[in-house]
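Residue-level structure breakdown
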Amino acid sequence: MRKDVRILLVGEPKVGKTSLIMSLVSEEFPDVVPYRAEEITIPADVTPERVPTHIVDYSEAEQTDEQLFQEISKANVICIVYSVNNKKSIEKVTSHWIPLITENTDKDSRVPLILVGNKSDLVEHSSMETILPIMNQYSEIETCVECSAKNLKNISELFYYAQKAVLHPTGPLYCPEKKDMKPLCVKALTRIFKVSDLDNDGILNDNELNFFQRTCFNAPLEPQALEDVKNVVRKNLNDGVCDNGLTLKGFLFLHTLFIQRGRHETTWTVLRRFGYDDDLELNQDYLFPPLKIPPDCTTELNHNAYLFLQSVFDKHDKDRDCALSPDELKDLFDVFPYMPWGPDVNNTVCTNDQGWITYQGYLSQWTLTTYLDVQRCLEYLGYLGYSIIAEQESHASGITVTRDKKIDLQKKQTQRSVFRCNVFGDIGSGKSGFLQAFLGQNLMQNMIKEEHRSYYAISTTYVYGQEKYLLLHEVFPDFDYLSDADMACDIVCLVYDVSNPYSFEYCAKVFKQYFMDSKTPCMMIAAKSDLTEVKQMYRCSPLEFCRRHKMPPPQSFTCNTAAAPSKDIYTKLTTMAMHPHARLRCMCTCNRCTFCLCQNLLNSELLQTVRTKLYAVVHRRHVNQADLKNSTFWLRMSVGATVFAVLGFAMYRVLLRPR
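Residues numbered from 1 in each chain as written. Predicted model: local features only at pLDDT ≥ 70, side-chain atom pairs only at ≥ 80, totals over all residues. Heavy atoms only, no water.

On to the overall build of the protein, then. Of regular secondary structure, the protein possesses 26 helices and 21 strands. Here the protein holds 659 residues, and the buried ones make up 47% of them. Taking the contacts inside the protein whose residues are at least 6 apart along the sequence as the reference set, 70% of them involve residues at least 24 apart. Surface summary for the protein: the accessible area is close to 34,900 Å², and the carbon and sulfur share equals 52%. (Helix = DSSP H or I, 4+ residues; strand = E, 2+ residues; numbered from the N terminus. Buried < 20%, exposed > 50% of the residue type's maximum accessible area, 1.4 Å probe, protein only. Contact = heavy atoms within 4.5 Å. Areas by Shrake-Rupley, 256 points an atom, 1.4 Å probe, with all protein chains shown as cover.)

As structure tokens, this is what we get:
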């Protein structure tokens, strides 16, 4: 909605331009009329549309042509005043004023015109027969009003129509020649219908119509009014109502009827509520609401946004197979001006056996977009109508901005749900296979066309029972230059090929140059472990390198499996990303190292049994009074507690001892 409206009155001398303005202001006909009235501003609270209105007069006697051209360029609407009893002033409308205005306005944004027939009190006949052909000839003419400054006839209506021509113009909506709505208007209303069709059955039922009515006009329709609307559509359109609901054809017919009956403000109210501007394009303020993101903070979808996206998925998953077929995906994005997801998405998130994006993959892709490009995510939510359907102030309310990562490190805990892992490795080391294995693809399923290749993979993992998203990003192996984005992550994954003797050297160099002194945890991946391992041509072995730099030992990995590759390694990566302060010395399951032996001891049945018995003895309820007074009892308890504490401390030292 515009912040104000500027109305310019032009016309031949002595047609009553100044009298119209003064009669509006003083509500009486002036005895003395000056050559030109000063610019008048009507406050918003006294106008029907609640918008400040500036009324500007023009006088040929006091103003130059240059001043007139400037006023024409600044005006939002121009009233061409003629005298109904002066044929020459009517002829000047087409021979002088309309061509003059056309020459001094932008062709792409025509200024709406109002024809004003003044001095209707002096004649008994109407000038409309003469004016109607002019209105049909020039599409920029919104309407014609006959009035009288002397009798105050239609004075308020004149300026109301002028205001309405600016705030609710007919031009972008309707083509008088074809007597139908324009294509852009039809396209916008079609999107609004599809967004409002909450169950995607092609019909607006009573609940959906009432929600639509509340959303746009802040009041539901009474049952009888709702039935009356349907009856109007039934009477004029055979397929406008189906199963007692309004079809798309019926919805479009109603708005055509509103416009034809001069109620185009109704259609504009709907369009503006759904984010459209005067050119029937989605407003930038609607698509990109302000969202402040401090440094070192990330963006995630919150619970309400996920619920909304789940409902969008459910209404388009017509066969209920928890996956979106190409047709279902196309239908989902039909409210977008373009297809937002390319073929690479199928290699970025989880898909089913047919290559269709699953429910988990769908949410993962939204999570990825929010994390990498939150402005694009806001735009996408705008196309889907998130703020309207979820009844939120703006799309930004669906985004959570996480706290500074430094605070997470200080407090040694995080509330984040998405963790980024940058994957480094030389060419041919197995990075792409590592990413695709995270999506459940083995080596035989990894044959990807270059144009469909993705450098990202995202899916969920579970850490201590909590669902988290792990985002893997394959970094291009350009050792000489790493951007800030390549460096910014929660964990670094260094991949080398065990069958290539020169593969590990790249990982060692990347670690030493970029991550050795950082607080970002790192993990070494020994990829292609199904092949014969060869000695790496580096000054020390990968295992020794990890020990020196206090990293977990290299993790064996292969995607050359009959079934889907194991996801244990990705759970370990997410755990390290969540708890970077916890320096885990061992992450293997070899059952030979100190860590594994101690873990097995702690989890052994014998130790569990002993602990249970000790707990029962210490906390048993039937300790008699004699035992409590017996010094031998307390001596035994003290010795037992001391032994237990010493053993616990010794085990603690063993676990933390650098290997």
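Quick look at the confidence of the model for the protein now. Looking at the protein as a whole, its pLDDT mean stands at 87, while 87% of the residues score no less than 70. Counting contacts from residues 584-592, a segment whose pLDDT is below 50, to residues more than four positions away or on other chains yields 27 contacts. (pLDDT = per-residue confidence, 0-100.)

Now for the sheet that holds strand S4 (residues 77-83). Strand order in the open sheet formed by six strands is S2-S3-S1-S4-S5-S6, and the pairing between neighbours is mixed. The sheet terminates laterally at strand S2 (40-42) and strand S6 (141-146), the two strands that pair on one side only. Going across the sheet, the axis of each strand differs from the next one's by a mean of 20 degrees, ignoring polarity. When strand S1 (residues 5-11) meets strand S3 (residues 53-57), the two strands line up parallel, connected through five bridges. Directly across from isoleucine 7, in S3, lies its bridge partner isoleucine 55. Together, S1, S3 and S4 form the strand contacts of helix H2 (residues 65-74), whose direction differs from that of S1 by roughly 140 degrees. Packing of helix H5 (residues 155-167) onto the sheet brings it into contact with S1, S3, S4, strand S5 (113-118) and S6, and relative to S1 it is tilted by some 120 degrees. (Pairing = 2+ DSSP bridges. Axes fitted to C-alpha atoms, helices over the stretch in contact; angles between N-to-C directions.)

Next up on the list: the layout of surface pockets. The gaps left among the atoms become clear once a water-sized probe is rolled over them. Counted as a void, the largest pocket has a volume near 1,400 Å³. Every residue lining the largest pocket is counted, 44 residues in all, and those nearest its centre are Ser139, Glu142, Thr170, Gly171 and Pro172. Contributing elements (two or more residues each) for the lining of the largest pocket: H2, helix H4 (128-137), S6, H5, strand S7 (174-175) and helix H9 (248-260). Here the lining of the largest pocket gets four residues from one element, more than from any other, and that element is H5. (1 Å grid on protein atoms, 1.4 Å probe; cavity = no way out; pocket = protein on both sides within 12 Å on 5 of 7 lines; lining within 4 Å. Points joined across faces, edges and corners; volume = space filled by probe spheres on them.)

Going through the model one piece at a time under the given rule, you end up with 28 aromatic pairs. Ring centres of tyrosine 538 and phenylalanine 545 lie 6.1 Å apart, and the angle between their planes is 75 degrees; on these two criteria the pair is classed as edge-to-face. Using a relative accessible area of 16% as the deciding quantity, one classes tyrosine 538 as buried. Here a set of aromatic residues connected by ring pairs shows up, and it is made of Phe313, Phe333, Phe336, Tyr338, Trp341, Tyr359, Tyr362, Trp366, Tyr380 and Tyr383. (Phe/Tyr/Trp six-rings, centres within 6.5 Å; stacked < 30°, edge-to-face > 60°.)

UniProt's entry tags residues 304-339 with the feature "domain: EF-hand" (unreviewed entry), counted in the numbering of this structure. Along residues 304-339 the backbone is 56% helical and 6% strand, and the end-to-end C-alpha distance reaches 24 Å. (UniProt positions renumbered as here; feature names shortened; annotations may be inferred.)

Turning our attention to the pairing of strand S20 (residues 522-527). In terms of burial, S20 is largely enclosed, as six of its six residues are buried. The alternating pattern of S20 places Cys522, Met524 and Ala526 and Met523, Ile525 and Ala527 on opposite faces, both of which are buried. Of the pairings in the sheet, the one linking strand S19 (residues 491-497) to S20 comprises six bridges and is parallel in character. Bridge pairing links tyrosine 496 to alanine 526 in S20. After leaving S19, the chain enters helix H20 (residues 503-515) and then returns to the sheet as S20, a path that is right-handed. Where S20 and strand S21 (residues 555-556) come together, two bridges link them in parallel fashion. Across the sheet, the residue bridging to isoleucine 525 is glutamine 555, located in S21. (Right-handed = clockwise from strand over helix to strand, strands pointing away.)

Within strand S16 (residues 418-425), eight of the eight residues are buried, which leaves the element mostly enclosed by the surrounding structure. Relative to S19, S16 is paired through five bridges, and the arrangement is parallel. The residue of S19 that forms the bridge with glycine 425 is valine 495.

Take the packing of H2 against helix H3 (residues 87-103) next. Across the interface, H2 lies against H3 with an axial gap of 10 Å and an inter-helix angle of 65 degrees. The orientation of H2 with respect to H3, classified from their angle, is roughly perpendicular. Read as a crossing pair, H2 and H3 show a hand that is right-handed. In this structure, H2 contributes Leu68, Phe69 and Ile72 to the contact, and H3 contributes Trp97, Leu100 and Ile101. For the contact of H2 with H3, a count of residues per class yields six nonpolar, no polar and no charged. (Parallel < 35°, antiparallel > 145°, perpendicular 65-115°, else oblique. Left-handed = near helix turned anticlockwise from the far one by under 90°. Nonpolar A, V, L, I, M, F, W, Y, C, P; charged D, E, K, R; others polar.)

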